[in-house]
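Structural description and commentary
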Amino acid sequence: MKSNIQKVYSKLPKTELAKVELTKVELGVMDDANKLMNLAKEFEREATQAQSNAQGSWKVTVFNYEKAISEYEKAFKMAKEIGADEFAGKINKQISLASKKSKIATAYEKKLNL
């Protein structure tokens, strides 16, 4: 026994039936494209959130390196005042290292600010 849709299809001329089939295919393709679009939007939201989190982390990193540099500079000044030149040299190396790391962190932060 034929279903109602099969009865309707059997009454249609072959060209009309072909158009109906083509429409079904087009709708299927549209559904697939819509699913892919929704998937892309979901990944975009996740990427945006990850970027925001990373950018915030780099800001905190830069802040802490800058604070460390400030504290090292205080220690360097004190070491120089009391004549602890060897210790001042070690502190100076730490200032240099923290400064380089701060510049790198700043570059990453700016790179994420799309």
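Residues numbered from 1 in each chain as written. Predicted model: local features only at pLDDT ≥ 70, side-chain atom pairs only at ≥ 80, totals over all residues. Heavy atoms only, no water.

**Here's the deal with the overall build of the protein**
Basically, it comes down to this: Numbering of helices and strands runs from the N terminus, with a helix taken as a DSSP run of H or I at least four residues long and a strand as a DSSP run of E at least two residues long. Classification of residues uses two cut-offs on accessible area relative to the type maximum, computed with a 1.4 Å probe and protein chains only: under 20% is buried, over 50% is exposed, and between them is partly exposed. It only takes one pair of heavy atoms within 4.5 Å for two residues to be counted as in contact. Note on areas: these come from Shrake-Rupley sampling with a 1.4 Å probe, and a residue is covered only by the protein chains present in the view.
Secondary structure summary: the protein contains three helices and zero strands in total. When the helices and strands of the protein are read in sequence order from the N terminus, they spell out α-α-α. For the protein, buried positions account for 11% of its 114 residues. When contacts within the protein are restricted to residue pairs at least 6 apart in sequence, those whose partners lie at least 24 apart make up 57%. Carbon and sulfur atoms make up 60% of the accessible area of the protein, which totals about 9400 Å².

**Examining the environment of S99**
Position of S99 among the secondary structure elements: in helix α3 (residues 85-112). With 37 residues separating them along the chain, S99 and V62 place their C-alpha atoms 9.5 Å apart.

**Comments concerning the packing of aromatic side chains**
Defined as follows: Think of it this way: a Phe, Tyr or Trp ring, Trp meaning its six-membered ring, pairs with another when their centres are within 6.5 Å, and the plane angle makes it stacked under 30 degrees, edge-to-face over 60, tilted otherwise.
Counted under the stated rule, the structure contains one aromatic pair. Residues W58 and Y108 carry aromatic rings whose centres are separated by 4.9 Å and whose planes lie at 20° to one another, so their mutual orientation is stacked. Here Y108 lies in helix α3 and W58 lies in helix α2 (residues 14-82), a separation of 50 residues in the sequence. Residue classification places W58 among the partly exposed residues on the basis of a relative accessible area of 27%.

**What to know about the side chain of Q55**
Secondary-structure assignment places Q55 in helix α2. A relative accessible area of 16% places Q55 in the buried class. Not counting the four nearest positions on each side in its chain, Q55 is found in contact with E109, L112 and N113.

**Quick word on the nonpolar core**
Stated precisely, the cut-off is as follows: We define the nonpolar core as a collection of buried residues of types Ala, Val, Leu, Ile, Met, Phe, Trp, Tyr and Cys that are connected through side-chain atoms lying within 4.5 Å of one another.
By size, the foremost hydrophobic cluster in this structure holds six residues: I69, A79, A88, I91, I95 and A98. Taken together, the elements giving at least two residues each to this core come down to α2 and α3. A total of four residues in this core trace back to one element, the largest contributor, which is α3. Excluding anything up to four places from it in sequence, I69 contacts I95, A98, S99 and S102.

**Here we look at the confidence of the model for the protein**
As a reminder of what qualifies: Confidence per residue, as judged by the predictor, is encoded in pLDDT with a range of 0 to 100.
Looking at the protein as a whole, its pLDDT mean stands at 86, while 78% of the residues score no less than 70. Mean pLDDT values over the elements of the protein span from 62, in helix α1 (residues 4-11), up to 95, in α3.

**As for α3**
Counted only if it meets this: One less than the number of residues in a helix, times 1.5 Å, gives the span that helix is expected to have.
With 28 residues, α3 should cover 40 Å at 1.5 Å per step; its first-to-last C-alpha distance of 41 Å lies within 8% of that length. When α3 is considered as a whole, its buried residues turn out to be A88, I91, I95, A98, S102, A105 and E109.

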